[in-house]
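Chain and residue survey
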2 protein chains.
Amino acid sequence: MTSTMKVLSNASNYGLRALLYIVSRERGGDAYISLGEISEELDISFHFLTKTMQLLTQGGILVSYRGPNGGIALKRPAEEIMLIEVVKILEGKDFFDTCMLGLEGCDDCNPCPVHHLWREIKGKVKHDFATTSLAMMGQRINEQNLRLIP
Amino acid sequence: MTSTMKVLSNASNYGLRALLYIVSRERGGDAYISLGEISEELDISFHFLTKTMQLLTQGGILVSYRGPNGGIALKRPAEEIMLIEVVKILEGKDFFDTCMLGLEGCDDCNPCPVHHLWREIKGKVKHDFATTSLAMMGQRINEQNLRLIP
DNA sequence: AATAAATAAGACAAAATAGTCTGAAATCCG
DNA sequence: CGGATTTCAGACTATTTTGTCTTATTTATT
């Protein structure tokens with residue numbers, strides 16, 4: 001009753017914002033960015049962020065390096081990482097295939113009453129996220145000077 | 001990480017399904033339907049459902065009547081109740097105006113990096129929900145024999 | 001080798017959500 | 001009136017999500 005339309009959990013939210021921070025901060029080099037810097041810049045709990053970023057490391061989005069001057073970095077070129085891959089790692093693989101009414105096995109063959117509406121919405125979200133790369137987002141953020149913090 | 005794209009809380013989910021049950025069950029009469037019947041038919045915890053339905057009663061969607069043969073009923077004609085009103089009562093008024101990244105004050109003037117994508121999505125959801133009435137849903141459910149249970 | 005800087009891992013606590021239960025109040029019927 | 005049926009209200013518990021903290025491990029530097 002307190003509102004949200006919270007499609008993303010806080011964890012995913014933080015992970016996504018962290019990635020956007022990384023790609024918007026790209027200096028061309030492949031230096032590691034520390035979680036301390038990210039958590040400070042984005043005002044996110046350090047330890048909580050750490051756990052989320054480990055998901056992305058395990059998921060093949062990031063590589064990490066320990067020790068002084070260590071941190072995390074994209075494992076692949078930002079052009080090759082689509083938003084959909086990130087969200088699937090953070091929220092689960094079937095994130096874009098769930099029923100709005102929470103009904104088990106709701107699909108085109110066995111639809112819930114709002115399936116026709118929701119399918120369209122999900123389709124658009126899926127399409128948008130499947131065609132938007134982290135590189136595109138980074139460029140957009142820099143060109144338009146967009147914010148990542150409250 | 002367990003997936004969901006859970007736009008609706010369980011409480012809202014139950015409330016919406018209960019309303020859809022009511023309108024699909026319409027026998028033309030204005031008899032009250034008991035929460036016991038609904039919770040049984042939809043396999044929802046009785047007491048939990050009760051709390052949610054009280055929100056809808058307080059929100060002006062339902063009227064309730066105690067005692068034998070009592071229950072709940074739509075306060076207004078199903079044609080006049082749009083899905084958007086229901087969701088706003090259950091999830092909060094600004095449900096359709098939140099930022100995907102959870103940033104405070106994200107809007108057209110001060111957008112987050114995914115605002116342009118999310119605004120379109122939200123707009124479509126909002127439009128769909130603002131133009132779909134409970135009556136339309138009830139008719140659809142009956143015509144196509146759609147399910148409200150897992 | 002010792003120290004410091006960084007991620008990894010996991011125990012723990014707090015808060016939000018979900019669900020259960022008990023009793024009260026209203027209403028009908030005999 | 002008295003009992004049965006129903007919503008209303010709120011306390012209580014359980015589960016999930018969120019956040020904190022401590023320790024271990026890796027690596028660079030001196």
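Details of the structure are given in the entry above.
Anyway, here's the lowdown on the structure attached to this text. (Residues numbered from 1 in each chain as written. Chains lettered and ligands numbered in written order. Predicted model: local features only at pLDDT ≥ 70, side-chain atom pairs only at ≥ 80, totals over all residues. Heavy atoms only, no water.)

Below, the discussion takes up the protein's contact with DNA strand D. Near DNA strand D you find 25 residues, and of these Arg66 and Pro68 of chain A together with Leu35, Ser64 and Arg66 of chain B are the closest. Counted by atom, the contact set of DNA strand D within 4 Å of the protein is 68% sugar and phosphate. Measuring from a sugar or linking oxygen of DNA strand D, one finds a backbone N or O atom of Gly67 of chain B at 3.3 Å. Elements supplying a minimum of two residues to the surface near DNA strand D: α1 (10-25) and α3 (46-58) of chain A together with α3 (46-58) and β1 (62-65) of chain B. In terms of residues, the surface near DNA strand D owes the most to one element, α3 of chain B, which gives 4 residues. (Near = heavy atom within 4 Å. Polar contact = N/O pair within 3.5 Å; in protein donor to acceptor, adjacent residues only side chain to side chain. Helix = DSSP H or I, 4+ residues; strand = E, 2+ residues; numbered from the N terminus.)

What follows covers helix α5 (residues 115-131) of chain B. Look at α5 of chain B: 24 Å from first C-alpha to last across 17 residues, which is about the 24 Å you get at 1.5 Å a residue. Those residues of α5 of chain B that sit buried are His115, Leu117, Trp118, Ile121, Lys122, Val125, Asp128 and Phe129 of chain B. One side of α5 of chain B carries all its buried residues, which in axial view fall inside an arc of 160°. Of the surrounding elements, those touching the buried residues of α5 of chain B are α5 (115-131) of chain A together with α4 (83-91) of chain B. (Expected span 1.5 Å × (residues − 1). Buried < 20%, exposed > 50% of the residue type's maximum accessible area, 1.4 Å probe, protein only. Arc of directions from axis to C-beta. Contact = heavy atoms within 4.5 Å.)

This part is about the relation of the copies chain A and chain B. The two copies are related by a screw operation: chain A maps onto chain B through 180° of rotation and 0.0 Å of translation along the axis, at an RMSD of 0.0 Å. Read as a symmetry element, the transformation amounts to a two-fold axis. When each C-alpha of chain A is compared by its distance to the rotation axis, Val7 of chain A comes out closest, at 2.7 Å. Looking at the interface residues of chain A, 98% of them are also at the interface in chain B, so both copies use one shared face. (Least-squares fit on C-alpha atoms with pLDDT ≥ 70 in both.)

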